[in-house]
Structure formats: C-alpha cells, structure tokens
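# Coordinate inspection notes
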Amino acid sequence: MSVLLDYLLEILQGLGTTLSLFVIALVIGFVLASAVAAFQIRFPGIVARSIWSLMFCIRGVPLLLILYVVYYGFPLLPFIRETVLWTVFASPYWCAIICLAFVEMAFTSEIIRGAYYQTPREQVEAARSLGLSGFQTFRVAILPAMLRNGFAPYTTEVILLCKSTALAFTITVMDLMGYANEIRARTLDIYHPLLIAGCIYICIVVITRLILSTLFNLVAVGGTAPEDRA
Amino acid sequence: MIDYLASGWGLQFLSAIGTSLTVAALGFFFCILIGILCTLFARSGFRGSAGLVSLYTYVFRSLPDILLLILIFYTLDGAIQALLHLVPGMSGVRLSAYVPAVISTSIVLGAYATELFRAGWADIPQGQHEAGRSLGFTTLQSLVLIILPQVYRKIIPHLGSLCLISLKETALLSIIGIPDIVRTASIGARSTGAPFVFYGIAIAIFVIFAILCSRIFAHLEQRVRQDRAGAR
Amino acid sequence: MSAAASIPMPDKGPIAMNDTSHTPAIEIVGMSKWFGSFHVLEDIDLKVKQGERIVVCGPSGSGKSTMIRCINGLEDFQRGRIVVHGQELRQRARALDDVRKKVGMVFQQFNLFPHLTVLENCTLAQRWVHKVPGSVAIDIAMQQLEKVRIPEQAQKYPGQLSGGQQQRVAIARSLCLRPSIMLFDEPTSSLDPEMVREVLDTMADLARDGMTIICVTHEMGFARGIADRIVFMDQGRIVEQAPPAEFFDAPREERTQRFLEQVVR
Ligand SMILES: Nc1ncnc2c1ncn2[C@@H]1O[C@H](COP(=O)(O)OP(=O)(O)OP(=O)(O)O)[C@@H](O)[C@H]1O
Ligand SMILES: [Mg+2]
C-alpha cells in the first residue's frame, strides 16, 4: 500500500507539467485556429484553399512524428541553432507545446469552419435586414449558432489534446506519463504506475468536461449544452 | 534522397509501410467488429449491459492512447506467452509482438467505433426494426439487410476519420518497438545524419494516405447519397 | 369523408360462400396486457372471420395500435390467447414466424427501407424469408406494384416518392408475401389530405378481392363504405362492435355516441 502511495507521489510531480502543457497548447492552439479559420472564411480563394490543404495534411500526420521532427530534427538547422530560437527549441517542454499547439490549430480551425458554415443563412439575413452592422450580425446571429454547433466537437477535441500531452514523454518531458513510465522501467511493475497515472488522467478529463460545459452554459445565450457525443 | 532509398532504406521503408498498413487495416477491421458487437450488447437489454459499454467507451476515450497501448500490450504479451507455455511442446515458441499490438490497437480504437455505431444506431427509427420483424426477418437477417446498411450510410464520413486514426495510431507502436514507419524514419534519421530526408518520407507517406483515405470515403459517401437525392 | 360515397360496397356474396372452413382468421380470447403497471388492454375478446373487414376506432390512447401489434407479435401480452388461422401465438415461439408469414402489416409511418429501391423493398423479404428465386420475386413485386398502381416508380428510392406513393409501396411490400390477413395502423394519418384518397382506394381494392382486413383508422367515411363490422375501443376495452349502419346510426353505448359526435359532423 505504501508503495502505491510512493508511486502516486512520484507521478504527481508530473501533474503540473501535464496541466501546463495542456492549457498553454490549448490557448495557443485556439488563438491560431481562430485566426486561420477567420482568414479562410473572410478571404476565400486560392490562399484559403492552400491553407486548408496544409491543415488537412497536418491532421493526417501522427503527433509523435511531428514531435520527433521538431525535437530531433530542428536543432540541426543552422537558423535555429544559431539564433535566439535555440533557447526555445533546446527545451523538450517548449518543443512539446509548439507541436501540440500546431496540431490543435489544425483540428480546431476545421471545427470552427464547420460551425460557421452550419449557421443557417436565414438567420444572417434576418439580422442584416434589421440593419445590424457586420460585426453586430456576427455577434448576434452567427456566434451563438457557432457555439451551439461547435460545442460537442470542440469538447471531443479538447479531450483528445489532453490525451495527446502524454506523448511528450517520448521527447524526455517529465509529465505524468513520463514519471509513470520511468517507474515502470525501473521497477518492471507495469500495472501500478500506469493505472495510477490513468486515474489521474481520468480525473483531469472529468474536470475538463465539467469546466467546458459550465463555460458553455455561461456564454451561450439560451439553450443548454447539447449532449456530447462522437 | 534517392541515394538513401537505393542503399537499403527503400526496402526498409517498404516493409515498414507494409507493417503499418497491415496493423492499421487489422485494427480498423477489428475495431469495427468491436463497435458492432458492443452496440448489440448495449442494446441487448441485459441488466447493466448499456452501462458497461458506456464505461468502456468513457474510460477508453479519456485515457491517453499510449498509456492504454503500453498497458494492454504488456499484459497481453505476458498472458499470451504464458498461455503458449501451457501448451505442451510450445514452451520454446515466442509469439510475434504483432498479435498483442493488433489486439491492443483494436481495443483502443474499438471505443471510438462503439461510440460511432451507438450514435448511428440510435438514429434508426424504431419503425425500421418493426417493419423487419413484421415481414418475418430473423434478428440476424434484419441486422445485416436492414439495420447495418442504414447505420453505415449515416456514419460513413466518421468511418473515414476512424480509418485515418487507425493508421496514425500505428505510429505509437514504434514506442513499443515495432518497426513501423515512424520507427524506421527515426532510426534512419539518427543513423545517417540526414533527418529531414527520413522524416520527410514518413510525413509524405502519411499525407498520401490521408488524401487517399478522404478520396475513398468521399467516393463511398457519394455512392450512397443517391437514395437521398430529392428526398423530402 | 367524401371518399366514402364513391367507394362501391364490396360484393359480399362470394366471400360468404368461400368461407367454408370453420376456423376463424383471428380469435382473441380474454387478452390482457400491461405496460409496467399500466393496464393497456383489458380482457379483449374479438373473433374475425376469414374475408371479414374490421375497422377499429376509438379515442387516442385507447389501445388500438397496441391490440393490432399484438396480433402480429410486435408486442407480447400477459394474459389470454390469440389464435391466428388455428395457430396459437406465443412470444418467442416458432409459431410466431409462421403467423407473421400469414399476416401483413402496414404502419402509419410507412417504414419503407430508405436504402433500398422500391423494387428491392418488395423483393427483400421474398428472397430472404420465403426463399423465392430472384426473377420470380421481381415478377411478383411488379405484379403487386401494378396492383397499387405505381409500377413506374420501381427503380426509385422511397425518399423520392410522395407520402401517398410510399404508403402504397408499403402495402405492395406486404402483399408480396401473400398474406391472408392485412393489418393497417392508421395508414392515412400522416398523409396530406390529397393523398389520403389514393391509399384508401388501394385498400378498397384489397377488400374487394376478399382479403381479411383489420384497419385502425379515423376515416369514418371509409369505415362506413368498406367495413363489415366496426369495433369501438376506449381505455383498453372493446366498448361496442356492430355493422357500420347500426354503429353510425344507432350506437348503443353512451361512450360511442359521444365519440361519434366528435368525429362525424
Ligand atoms: N411502449 C410503451 N410503453 C408504455 N406505454 C405505452 C407504450 N406504448 C403505448 N403505451 C401507452 O398505451 C396506451 C395505448 O397506446 P396505443 O398506441 O395503443 O393507443 P392508440 O389507441 O393507438 O392511440 P392513437 O390513436 O394515438 O394511435 C397509451 O396510453 C400509451 O401511452
Ligand atoms: Mg396508434
């Protein structure tokens, strides 16, 4: 029993790292995704389509591979090695954040785009006919509909990101998974460290879902959080 | 790049693609099987069956895939080798790591597939089941001829992403030591000092597969769309 | 309904002569059913002769649907018995399959298979349940589609048809299995008014051919024109049954009178 407690305490050292990876990548990813999606919606054309293709390609490549490229590949590039960028790319922690945010951007921008195009045209026309300006229309007619349509897929995406942070241990970041894996390698005890880490991850996911649906209910005007499926 | 491919790495990559595609295809197949079986079980009306399936999908969609893979892989590996030990004359044989790799991938992906099938199934009106029964179809016939084709139609786009996820999921096997595309690329990158060639090839393979995947499923979706043309 | 007047009274003579066998088509004795603690059907007794046409009516929630679903084995029941063509119907028994082969059912919501063409809808059960060879199944299906007057729609999908056409396909689909009894559960209730007529005409054709029919409907004109007997249900009981003339013009029960005042103006 006390062994389990020791494991738990050791693994919990990684909690801060996991949470900060998760939250920072989430925020950066969301900001980038909003910009990317807004650009695609606002300026449709060849550039927007190229961006969409790029996002599509990013979504097709495993995160693990992207982590390897950035962590093992980038340091060999002179313009990274010899400039201020090196301070960032020398740290596995920041490499992990950059990769996670990058992938998050690709997935979230598509969710935002999807939510935008699902908004019924009639609502936009109705708002316009009332004499609202472009931004007011967005605020009144489009944004609420986007929140409603995008909530379920975005929740799924956030959970996926949370799970993806566990891959950071493959580039020597000591997060929850990193510590659990270290104990596993050291003691050859597979179950206990991994199950303990698993329980912590489940707690994080449960709390994240709670926070998201609370946020949604606060922000969304009328209507409740739709059932999260998919 | 051609130099590297000609000097033996080409073959390495081919076999890695074979490995990844095989594991992905088997994983995709089995996860769909798991999805259908779990959905049937959840709808069977046994006490607690629906709750049990929900627990499976909730837990497995909340845990990091890599954690699950390591857990299931080592558990299965140990169990299978121990079982082989019990069979007389087999004690010296070691089973290839691919078996636990495929099984663990399937179980992880099965949670996604189950969620997909349950949602699709719930969209089928009760009347379809009743029409099947009143025309005299057996449960199995009604499942195969009436229900599954309709579920399939509803979830095709999602099946496309599931298919892509299957291949991406195989990347994790490199951590367990299976020589898939990612592992081959990173070994090549480290041993030759030309990381971008090797990582570039790996990325290209995944991108090509993603394009193929989306083309194929867009085509499949197009094909089943015809019955909805002009639907009121 | 104005359709009533134009539907000719079916010729009842030959049917009475054909009815040589003494086994009734359907016999329900003392049947009771509960949904949990809710008593949906109470002590139902109903005997239907071969070739007889029964219209079931009654207020919403009175158990009409539940009763005819029991006859087809879509619902089980807790007490009493249902005998179809001498076969006693019990849940989870082989007999159920035999009974279903003799009893066709048409639903309010059509319940056509949306992923199959009209023709495939009509041949699927023939081929898989009755093991009819493909070309024969197609012949039979086309025959029945002609009977409901839409052979030209055979290659379309249900989603491309109007409600009335879909319901006629549903009738043809059931007829392809050569049932000796047809059950209808409010077949016209989800149709636009202008399509009600074509479905009622199709059903009148069936009645003329001597099919045993039990139909739940609110089309009182149709009931008057086609039925041999009208069964009135309320709160899970059969309150009154009588030939249409008697039922509409001289209802005995006070409950029936009130119901008729509401539906027939
Ligand atoms: N699956 C069920 N579980 C519980 N109660 C049910 C179920 N199906 C029907 N009921 C109840 O049984 C009663 C009879 O229902 P039924 O559908 O047979 O009525 P009905 O006479 O066909 O009404 P309507 O004219 O509206 O179709 C209703 O009160 C209904 O609420
Ligand atoms: Mg009803």
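Residues numbered from 1 in each chain as written. Chains lettered and ligands numbered in written order. Predicted model: local features only at pLDDT ≥ 70, side-chain atom pairs only at ≥ 80, totals over all residues. Heavy atoms only, no water.

### Description of the overall build of chain C
Helices and strands together make up the secondary structure of chain C, namely eleven helices and ten strands. Burial status across chain C gives 57% buried among its 265 residues. (Helix = DSSP H or I, 4+ residues; strand = E, 2+ residues; numbered from the N terminus. Buried < 20%, exposed > 50% of the residue type's maximum accessible area, 1.4 Å probe, protein only.)

### A few points about the sheet that holds strand β1 (residues 26–35) of chain C
All names here are of chain C. Across the sheet, four strands lie side by side as β2-β1-β4-β5; this open sheet has antiparallel pairing. Looking along the sheet, the strands with just one partner apiece sit at the ends: β2 (38–48) and β5 (87–88). Two elements, β1 and β2, share seven bridges in a ladder whose sense is antiparallel. Note that in β2 the partner of I26 across the bridge is V48. (Pairing = 2+ DSSP bridges.)

### What about the packing of helix α1 (residues 2–12) of chain A against helix α10 (residues 176–187) of chain A?
Residues and elements named next belong to chain A. With their axes 8 Å apart at the nearest point, α1 and α10 run at an angle of 135° to one another. As the angle between them shows, α1 and α10 are arranged oblique. When α1 is examined against α10, the residues Y7, E10, I11 and L12 are found in contact with a partner set consisting of L176, Y179, A180, E182, I183, R186 and T187. (Axes fitted to C-alpha atoms, helices over the stretch in contact; angles between N-to-C directions. Parallel < 35°, antiparallel > 145°, perpendicular 65-115°, else oblique. Contact = heavy atoms within 4.5 Å.)

### Brief notes about the environment of C:M220
Residues and elements named next belong to chain C. For M220, the position within the fold is in helix α9 (residues 220–226). Look at M220 and you get buried, because its relative accessible area is 8%. Residues M220 and C57, spaced 163 residues apart in sequence, show a C-alpha to C-alpha distance of 8.8 Å.

### Describing the UniProt feature "domain: ABC transmembrane type-1" (unreviewed entry) in chain A
Sites flagged by UniProt as "domain: ABC transmembrane type-1" (unreviewed entry) map to residues 15–212 of chain A. Helix and strand shares over residues 15–212 of chain A are 83% and 0% respectively, and the end C-alpha atoms of the span are 20 Å apart. (UniProt positions renumbered as here; feature names shortened; annotations may be inferred.)

### Quick word on the UniProt feature "transmembrane region" (unreviewed entry) in chain A
Residues annotated in UniProt with the feature "transmembrane region" (unreviewed entry) correspond here to residues 20–39, 51–72, 84–107, 158–178 and 190–212 of chain A. A helix fraction of 88% and a strand fraction of 0% characterise residues 84–107 of chain A, whose end C-alpha atoms lie 29 Å from each other.

### Concerning the pattern of salt bridges
Under the definition given, this model contains 24 salt bridges over all chains. Two residues, B:D65 and A:K163, come together in a salt bridge whose shortest N-O distance is 3.3 Å. On the criterion of chain membership, the pair formed by B:D65 in helix α3 (residues 65–86) and A:K163 in helix α9 (residues 134–164) is interchain, its members lying in two chains. Of the two residues, B:D65 and A:K163, neither departs from the other in class, the shared state being buried. (Salt bridge = Lys/Arg side-chain N within 4 Å of Asp/Glu carboxyl O.)

### What about the nonpolar core?
Counting residues in hydrophobic clusters, the biggest one holds 169 residues, and the most contacted among them are A:I11, A:M177, B:F137 and C:I214. With 13 residues, the top contributor of residues to this core is helix α9 (residues 195–225) of chain B. Apart from the residues lying within four places of it in its own chain, the contact partners of B:F137 are B:G132, B:S142, B:L145, B:I146, C:F113, C:L124, C:A125, C:W128 and C:V129. Listed in part, the 35 residues of the second largest apolar core include C:V118, C:L145, C:L161 and C:I226. (Core = buried A, V, L, I, M, F, W, Y, C linked by side-chain atoms within 4.5 Å.)

### Some thoughts on the site of ligand 1
Residues and elements named next belong to chain C. Taken together, F35, F38, V40, P59, S60, G61, S62, G63, K64, S65, T66 and E186 make up the full set of residues adjacent to ligand 1. G61 is positioned with one of its backbone polar atoms (N or O) 2.8 Å from an oxygen atom of ligand 1. Within the backbone of G63, an N or O atom sits 3.0 Å from an oxygen atom of ligand 1. Going through the elements one at a time, β2 and α3 (64–71) are the ones with two or more residues in the shell around ligand 1. For the shell around ligand 1, the element with the highest residue contribution is α3, accounting for three residues. Within the shell around ligand 1, the residues separate by chemical class into four nonpolar, six polar and two charged. (Near = heavy atom within 4 Å. Polar contact = N/O pair within 3.5 Å; in protein donor to acceptor, adjacent residues only side chain to side chain. Nonpolar A, V, L, I, M, F, W, Y, C, P; charged D, E, K, R; others polar.)

### Examining the pairing of strand β8 (residues 212–216) of chain C
On a regular strand, each side chain points to the face opposite its neighbour's, so the side chains alternate between the two faces of the sheet. All names here are of chain C. By the criterion of burial, β8 is predominantly enclosed, with five of the five residues buried. By the alternation rule, side chains of β8 split into T212, I214 and V216 and I213 and C215, which are all buried. Relative to β8, strand β3 (residues 53–57) is paired through four bridges, and the arrangement is parallel. Among the inter-strand pairings, R53 is bridged to a residue of β8, identified as I213. The pairing of strand β7 (residues 181–185) with β8 spans five bridges and is classified as parallel. Counted as the bridge partner of L183 is I214 from β8. The β-α-β motif built from β7, the intervening helix α8 (residues 193–208) and the parallel element β8 has right-handed crossover chirality. (Right-handed = clockwise from strand over helix to strand, strands pointing away.)

### Things to note about the interface of chain B and chain A
With 36 residues of chain B in contact, the opposing surface of chain A contributes 39 residues. Taken together, the links from chain B to chain A amount to one salt bridge. At the junction of chain B with chain A, the criterion picks out six residue pairs in polar contact (both at pLDDT 80 or more). Residue assignment for the side of chain B that touches chain A shows that the elements contributing at least two residues are α2 (49–62), α3, α4 (98–122), α6 (139–170), α7 (173–176), α8 (181–192) and α9 of chain B.

### A closer look at the packing of aromatic side chains
Under the defined criterion, the tally for this structure stands at 19 aromatic pairs over all chains. On the numbers, 4.3 Å between centres and 45° between planes, the contact of A:F151 with A:F216 is tilted. Here the residue A:F151 occupies a position in helix α9, and A:F216 occupies one in helix α11 (residues 191–219), the gap between them amounting to 65 residues. Assessed through its relative accessible area of 5%, A:F216 is described here as buried. Both rings, one in C:F232 and one in C:F247, keep their centres 6.4 Å apart while their planes meet at 50°; by these two values the pair is tilted. Highlighted residues: C:F232 in strand β9 (residues 229–234) and C:F247 in helix α10 (residues 244–249), separated in sequence by 15 residues. By relative accessible area, C:F232 is classed as buried at 0%. Through pairs of rings, three or more aromatic residues link up here, namely C:F232, C:F247, C:F248 and C:F259. The side chain of A:R42 reaches across the aromatic face of A:F43, ending 5.5 Å from its centre. Over the ring of C:F113 we find C:R173; its NZ or CZ atom is 4.5 Å from the centre of that ring. (Phe/Tyr/Trp six-rings, centres within 6.5 Å; stacked < 30°, edge-to-face > 60°. Lys NZ or Arg CZ within 6 Å of the ring centre and 35° of its normal.)

### Topic: the sheet that holds β8(C)
Residue and element names in this part refer to chain C. The strand order across the open sheet formed by six strands is β6-β7-β8-β3-β9-β10, and the pairing between neighbours is mixed. Since the sheet does not close on itself, it has two edges, and those belong to β6 (103–106) and β10 (237–242), each with one partner. Strand-to-strand twist across the sheet, computed as the mean angle between neighbouring axes with direction ignored, equals 20°.

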